[in-house]
Every structure is written in C-alpha cells, then in structure tokens.
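# Secondary and tertiary structure notes
Each chain is listed here by its residues.
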Amino acid sequence: MNSDNSHVSQQELEQYLWGAATLLRGGVDPGEYKNIIFPLMFFKRISDVYEEEFEEALRESDGDLEYAQFAENHRFIVPDGSHWKDVREITTDVGKAIRDAMREIEKANPDKLEGIFGDGNWTNKDRLSDKTLIDLLEHFSSLSLTIKNVPQDQFGNAYEYLIKKFADDSGHTAAEFYTNRTVVRLMALIMDPKSGESIYDPTCGSGGMLLNSLLLVKERGEEYRNIKLYGQEINLITSAIARMNMFIHDVGDFQIIRGDTLEDPAFIKNDRVQQFDIVIANPPYSIKKWNHSGWTKDPWGRNIYGTPPQSCADYAFFQHIICSMKEDTGRCAILWPHGVLFRDSEQSMRAKLIEDDYVDCVIGLGPNLFYNSPMEACIVICRKSKPAERKGKIMFINGFEEVIQEKQQAFLSDENIQTLFDLYINYENVSRKSYVATIKEVKENDYNLNVPLYVEKYDLGEVKEPLEVLIQEWTESSQRIKEANEEIFSILSEVGLNDQ
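Here's what I pulled together on the structure shown here. (Residues numbered from 1 in each chain as written. Predicted model: local features only at pLDDT ≥ 70, side-chain atom pairs only at ≥ 80, totals over all residues. Heavy atoms only, no water.)

What follows is about the overall build of the chain. The helix and strand inventory of the chain stands at 17 helices and 13 strands. Accessible area for the chain stands at about 23,300 Å²; split by element, carbon and sulfur atoms hold 48% of it. (Helix = DSSP H or I, 4+ residues; strand = E, 2+ residues; numbered from the N terminus. Areas by Shrake-Rupley, 256 points an atom, 1.4 Å probe, with all protein chains shown as cover.)

The following block contains the structure:
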C-alpha cells in the first residue's frame, strides 16, 4: 500500500481497515476494537478530506491560503494543530494527543460532531501503549482516504464490512450494535420506504437498519436525500458509531440521539412521542433492568395495552413502537425472539394489539440469526391502517426452512429473501408456506401468534417409498447395529475391558 493519490480498491480498503484491528490483538479485548478503530478511522478520513478540500480551494483561488481555510470550503473544520499529520509527529503521550485533537475537532464543529468520537480511554497506557498507538497511526497513514481515492459509497461499504467483522469477533456483545444484514434487507423490502418519508429506529445500534432502508430507495434510483432518519441508542460509543456511519454514507438529514428510549424518549412532538412513517427495530430482548413502575404512569401515554412484567420489557418496546407510528402511513417491522408470540405473561397486551387490528404479518425464522444466540427469530409487521383486503386478518409465513445455517451463524440468501418477500406480497394461502388467518381464528388460539399453529413448521417432503419397505429397512438397520455392538463388546471382553 502507499499513501499517494490513487484509487483504492474495495478489497484493499477492507484489508487495510481490518489490518488496523489486528494490531490490537492480544492487548485489547475484541469487544473493544470498535471503540478504538472507528474513531481513528473517522479522524483520518476527516483530516484527509479536509486536506483534499484545502488543495482544491487553493487551486481555485490561485494560491490564496486564507480563502482555502474558509469554513465554506470544507465539510468539517480541522483546527490548526489537530490534523492527523500533527498527531502523527507525536512520539510520547500519543493517546493524549489523539484525545485532544478529537476534542478540538468536535468543538470546531459543534452542530455536527459534538461527542462523535465517544469517550474512549486513550490515555490508559496499560491498555494502549505509545507503541501500539504509533503502530496504528502509521498503519492508517499508509493510505490516503480522500474522496477521490475512496468515494463515499465505497467508504460506506467498507465501514459496514468492518462493523460486521467486529460483530463476528465481539462475542455476546455483538447483538448490541449489529443486526444480521440479510434479515434487515428483508425487513426493509417489506417496509417499502418511499422518497420523503421518515424512518425511525428506537434502539438503532450502529444505524444499519436506518441506513439500509435509505439505501434501498437510492438503489431503486429514486430521490433518497429527502428521507429523514431518526435513531436513539443507549450506548454512548455505539450511538457515536451510528453517527459516524451516517456521515461516512453522506446521509444529509438524520438525528441520532444517545439515551434510554423507554426511560427518556428523545423524539417528542406535541406532548407525545413523535410519529413516523416507518419504524424498524431489533429491540434488546428480555431486559430486566428497566423502570417497570415508571411505565405504569408513563408521561407519554405509551402504556396503551398495559405494563409488561419486570423480567421482560419486550412489550414496553412494542407499545413504544406502536405509539411511534403515524395513524395513516405508519408501519413497522420488528425483529424479535419467538417468545413475544406466545408468552402467557403478555397475553392480555398481545390480545389488545391483535384486536386493534395492527398486526399484519408474522414471519417465523430459524435459529442463530441473533449474534451468539441460538434462539429462533421472527419478524412482526404491523400497520396502523391496513389496506382493505388485509383488515381483520393476520398473515403467517413459515420462514424456518429459508434460513441457511452456517457454523454458529445463520443468514438468508438473496433467493430466500425474495421467496419470503413474494409470499408477503402475494398474500395468499400456500401449502406449508403461508396462511392468512382471521382475527377470530387467532382469538380461538388464545391470541397465540406462534407460526406453527397456522403453518406447518417444516416441510418433510413427500414420502415416496411404501411404508412396509421403510419398516423393513429400519428393522434390518437396527439388526446390523445390534450385531456391531455385540461384536464390540465381545472384543472388549477378550481384552478384559468389558465388565458386563
């Protein structure tokens, strides 16, 4: 690699970014990589783009240095002494130099970048020695991350690649900031975002659901720059990563707020939670530490169906989402574990939700779609105002067989996504695939939404052999196993290892 002005390939860029993470191996927990690499990567990008814009302004003005520094010529301001090149010259207390430069950049761009570099402990030399940080600075310096060398789309793709790599490496904490992108793709397709709409994720993690919804509109060749994205995320560094993700993808209109959605919802309008065209979410499941008593008198009136048990806040998030949907265009897609479909403790809230005719479709999926959790997942789709042909009905889709299991992770192929999307759009009964139930039928099942109650979970295929032939084969196979066992025990007895 070199640092001259030449286009960087996608593969080269991904190797370069992941190469920075490998410099931390052994000294830093993999779950912490993202807290170090993303801020450095963003710092390098801002510095290189500033330099690129500076040189361009110089050319335009025939060498006017003052003109080249005008804020109007730059996406972000990099104050004197806080450029990547300044920090690169430091050889002692490198962490302090990095931290100070980041803080100065934040202060110089208060409307856009306040707090964006997070609260990383850069000055802890036991964790990040001067040598480690110098190695990281030199590694990042090996490529020039200007817009010319690395266009926004390409950089955005590499950022998403790195988020997934960190999720793969982070163990159980990955689910806090990353949702399987193949499932996100299906959810975005079903939500069908349109130009000019608002999209909200109350537990947005690194912002992937919001971004992929917007990028779907861009992919269709429609105007996407007037779509407004809103997200709230409780974790400071994760919310900062989401904001960086938006800037790197060149998203113009977004608000990512750090905070606890249940305790202190960030988006309030006219004394109630703000309403959006689309809510797309993968809330944290079964959290126990939440303000249960506060929910009984929620000042924003979100407890429309009741108070969930202290041991599980799922239906608090569910009710928050329902309240955050517009009355006309409001729709949502939520990724849940299967428990929300049938747990007795939430039956009364689920019944009210169903009787209000908000539940449009339930897609049952297989296990391992959540990071480092074998739980089976499902997507619940709701609409505040269903089309006439869907009123009073709930569609159930068997997606268990569409999930591809690979080691400890699972995913949906493009073909699987298309199959499930087509089933949803076609809205008809398909043997072992989909079933459109009436609310009356769901009520007769005690408001249980578990998909296998309505659609056979697995297609075992057609049995072509006559039953008597199968029984004969099974009998013969059993006899061969019995004979093999007897032979083994006989050999063990001969060498004195079988006491039976």
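Still to come is the rest of the account.
Here we come to the packing of helix α9 (residues 181-191) against helix α15 (residues 414-426). A pair of packed helices is captured by two measures, namely the crossing angle of their axes and the spacing between those axes. Between α9 and α15, whose axes approach to 10 Å, the crossing angle comes to 25 degrees. For the element pair α9 / α15, the angle class is roughly parallel. The way α9 lies across α15 gives a crossing that is right-handed. On the side of α9, the interface is formed by T182, R185, L186, L189 and I190, while α15 contributes I417, L420, F421 and Y424. In terms of residue class, the contact of α9 with α15 is made up of 7 nonpolar, 1 polar and 1 charged. (Axes fitted to C-alpha atoms, helices over the stretch in contact; angles between N-to-C directions. Parallel < 35°, antiparallel > 145°, perpendicular 65-115°, else oblique. Left-handed = near helix turned anticlockwise from the far one by under 90°. Contact = heavy atoms within 4.5 Å. Nonpolar A, V, L, I, M, F, W, Y, C, P; charged D, E, K, R; others polar.)

Positionally, R390 belongs in the loop between β9 (377-383) and β10 (393-398). If we skip the residues at most four places from it in the chain, R390 touches D360, Y424, I425 and Y427.

So, about α9. Think of an α-helix as 3.6 residues a turn; residues three or four steps apart then line up on the same face. Among the 11 residues in α9, 10 count as buried, and that is most of the element. Considered for burial, the residues of α9 that qualify are R181, T182, V183, V184, L186, M187, A188, L189, I190 and M191. One or two steps after α9, the chain reaches D192, where phi turns positive at roughly 50 degrees. (Buried < 20%, exposed > 50% of the residue type's maximum accessible area, 1.4 Å probe, protein only.)

Mapped onto the elements of the fold, E160 is located in helix α8 (residues 152-169). What makes E160 buried here is its relative accessible area of 15%. Of the polar contacts made by the side chain of E160, one reaches the side chain of R181; its length is 2.6 Å. Setting aside anything within four residues of it in sequence, one finds E160 in contact with R181, G208, N212, N245 and H249. (Polar contact = N/O pair within 3.5 Å; in protein donor to acceptor, adjacent residues only side chain to side chain.)

This part is about the pattern of salt bridges. Enumeration according to the criterion identifies 30 salt bridges in this entry. Here D277 ties to K326 by a salt bridge, and the two come within 3.4 Å at their closest N and O atoms. Of the two residues, D277 is situated in the loop between β5 (272-273) and β6 (278-281) and K326 in the loop between α13 (314-323) and β7 (331-337); the sequence distance between them amounts to 49 residues. D277 gets classed as buried once you look at its relative accessible area, which sits at 6%. With a shortest N-O distance of 3.0 Å, E444 and K440 are connected by a salt bridge. Taken together, the residues E444 and K440, both in helix α16 (residues 439-444) and 4 residues apart, mark about one turn of the helix. (Salt bridge = Lys/Arg side-chain N within 4 Å of Asp/Glu carboxyl O.)

Attention now moves to the sheet that holds strand β2 (residues 228-233). An order of β3-β2-β1-β6-β7-β9-β8-β10-β13 is seen for the 9 strands of this open sheet, with the pairing classed as mixed. Two strands lie at the open edges of the sheet, namely β3 (254-258) and β13 (434-438), each paired on one side alone. Shown here is a sheet whose adjacent strand axes are inclined to one another by a mean of 15 degrees, direction ignored. This element, helix α10 (residues 208-219), spans β1 (198-201), β2, β3 and β6 of the sheet and lies at about 155 degrees to β1. (Pairing = 2+ DSSP bridges.)

Our next topic: the pairing of β10. By the criterion of burial, β10 is predominantly enclosed, with 5 of the 6 residues buried. Relative to β13, β10 is paired through 5 bridges, and the arrangement is antiparallel. Paired with K393 across the two strands is T438, which belongs to β13.

This next bit is on the packing of α13 against helix α14 (residues 347-355). In contact at an axis separation of 11 Å, α13 and α14 are set at 20 degrees when each is read in the N-to-C sense. Considered as vectors, α13 and α14 are oriented roughly parallel to each other. Taken as a pair, α13 and α14 cross one another with a handedness that is left-handed. Packed against α13, whose contacting residues are Y315, F318, Q319 and I322, the element α14 presents M349, R350 and L353 at the interface.

Residues S198 and Y200 line one face of β1 and the alternating positions I199 and D201 line the opposite face, and both faces are buried. Direction of pairing for β1 relative to β2: parallel, over a ladder of 4 bridges. Along β2, the bridge assignment pairs D201 with G231. Pairing analysis gives 2 bridges linking β1 to β6, with the strands arranged parallel. What sits directly across from Y200, in β6, is V279.

The next point concerns the packing of aromatic side chains. Evaluation of the coordinates by the stated rule reveals 25 aromatic pairs. Pairing F42 with F76 gives two aromatic rings, centres 6.4 Å apart and planes at 65 degrees, and the pair type is edge-to-face. On the criterion of sequence distance, the pair formed by F42 in helix α2 (residues 33-60) and F76 in the loop between α3 (65-68) and α4 (84-88) is long-range, its members being 34 residues apart. Among the residues examined, F42 registers a relative accessible area of 2% and is labelled buried. (Phe/Tyr/Trp six-rings, centres within 6.5 Å; stacked < 30°, edge-to-face > 60°.)

Relative to the 16 Å expected for 12 residues at 1.5 Å per residue, α10 spans 16 Å between its end C-alpha atoms, a close match to the ideal helical length. Among the residues of α10, G208, M209, L210, L211, S213, L214, L216 and V217 are the ones counted as buried. Downstream of α10 by a residue or two, G221 has a phi angle that is positive, lying close to 80 degrees. (Expected span 1.5 Å × (residues − 1).)

Next up on the list: the environment of K386. Locating K386 in the fold gives a position in the loop between β9 and β10. Considered as a pair, K386 and R331 are 55 residues apart in the sequence and their alpha carbons are 9.1 Å apart. Separated by 2.7 Å, the side chain of K386 and the backbone oxygen of V359 make a polar contact.

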